[in-house]
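Residue strings, one per chain:
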Amino acid sequence: ELTEVVRNELSIAVANAVSGTVAVANSYNTQVTGTGTNFTANATVGDMIVVTDGTYPLRSFAKVIKTIDSATVMNVESNFLYVGQGRVTTNAGNNQVVISANSNTIGDFLKTGDTIRFNVGNTAANIETYQITVGSGNTLTLNNVANTSNTELVYHVVPDYTAAVAHTIIKVSV
């Protein structure tokens, strides 16, 4: 027996001029705050916002807009967390970690102020979280010493979007 599939047409268009910049107070958050923006006039729930870090293009995000609270406040569907490139190696008692097997230089996707976190014991209780204070080559200096020694850990990056970054609204309609 065949089932009829109904297909909707999806229309996507980049909004004309969008003014202002955006910031995320805490990248674990879904709230985006604008300065000089007019979200109520330029966006609709269901549209997408593209947060663009011009200096670090690999840190850009596209998120679906879930709520528009005002001309300067909106909420998106998920936080601004991503899986880092390569793997991290830590040494207990040392505040430097090494990123290896990444396809881009760490300066393309990590910067001072970002937070990295990794799970050292396969439970939520074993997640270690650090802020990057310096990055050079494939070595990161963290704000605290690592608690354990580990190799080849997958890590998450929480980008520091507290400073203003550019954005674009992509209009989506069905």
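In what follows, the accompanying structure is described. Just so we're clear, the structure is a prediction, and the values are computed from it rather than from any experiment. (Residues numbered from 1 in each chain as written. Predicted model: local features only at pLDDT ≥ 70, side-chain atom pairs only at ≥ 80, totals over all residues. Heavy atoms only, no water.)

You can see Val 83 is positioned in strand β7 (residues 82-83). Taking the C-alpha atoms as reference points, Val 83 and Val 154, separated by 71 residues in sequence, lie 7.4 Å from one another. Contacts of Val 83, omitting those with residues within four sequence positions, involve Val 154, Tyr 155 and His 156. (Helix = DSSP H or I, 4+ residues; strand = E, 2+ residues; numbered from the N terminus. Contact = heavy atoms within 4.5 Å.)

This part takes up unusual backbone geometry. For Ala 101, which is not glycine, the phi torsion reads 65 degrees and is therefore positive. Tracing the sequence through the fold places Ala 101 in the loop between β9 (96-100) and β10 (115-119). By relative accessible area, which is 69% here, Ala 101 ends up exposed. Although it is not a glycine, Glu 152 adopts a positive phi angle of roughly 55 degrees. Summarising the element assignment, Glu 152 is placed in strand β13 (residues 150-153). (Buried < 20%, exposed > 50% of the residue type's maximum accessible area, 1.4 Å probe, protein only.)

A full pass over the atoms with the stated rule returns three salt bridges. Note that Asp 47 is salt-bridged to Lys 171, the shortest N-O span being 2.8 Å. Placement of Asp 47 in the loop between α1 (39-42) and β4 (48-52) and of Lys 171 in strand β15 (residues 166-173) is noted, with a sequence separation of 124 residues between them. Overall, the relative accessible area of 1% leaves Asp 47 in the buried class. Connected via shared salt-bridge partners are Asp 53, Arg 59 and Asp 114. (Salt bridge = Lys/Arg side-chain N within 4 Å of Asp/Glu carboxyl O.)

What follows covers the pairing of strand β6 (residues 73-76). Here β6 shows a buried face lined by Val 73 and Asn 75 and a second buried face lined by Met 74 and Val 76. With three bridges joining them, strand β3 (residues 31-35) and β6 adopt antiparallel strand pairing. Note that in β6 the partner of Thr 33 across the bridge is Val 73. In the sheet, strand β5 (residues 61-68) pairs with β6 via three bridges, with the strands oriented antiparallel. Bridge assignment links Ile 68 to a residue of β6, and that residue is Met 74. (Pairing = 2+ DSSP bridges.)

Turning our eyes to something else, we now look at the packing of aromatic side chains. Using the criterion set out here, one finds five aromatic pairs in the structure. Residues Phe 61 and Phe 80 carry aromatic rings whose centres are separated by 5.2 Å and whose planes lie at 80 degrees to one another, so their mutual orientation is edge-to-face. Of the two residues, Phe 61 sits in strand β5 while Phe 80 sits in the loop between β6 and β7, which places them 19 residues apart along the sequence. On the accessibility criterion, Phe 61 (11% relative accessible area) is buried. Here Phe 61 and Tyr 82 contribute two aromatic rings whose centre-to-centre distance is 5.9 Å and whose plane-to-plane angle is 55 degrees, an arrangement assigned as tilted. (Phe/Tyr/Trp six-rings, centres within 6.5 Å; stacked < 30°, edge-to-face > 60°.)

Remember that the coordinates give geometry; whether it matters functionally is a separate question.
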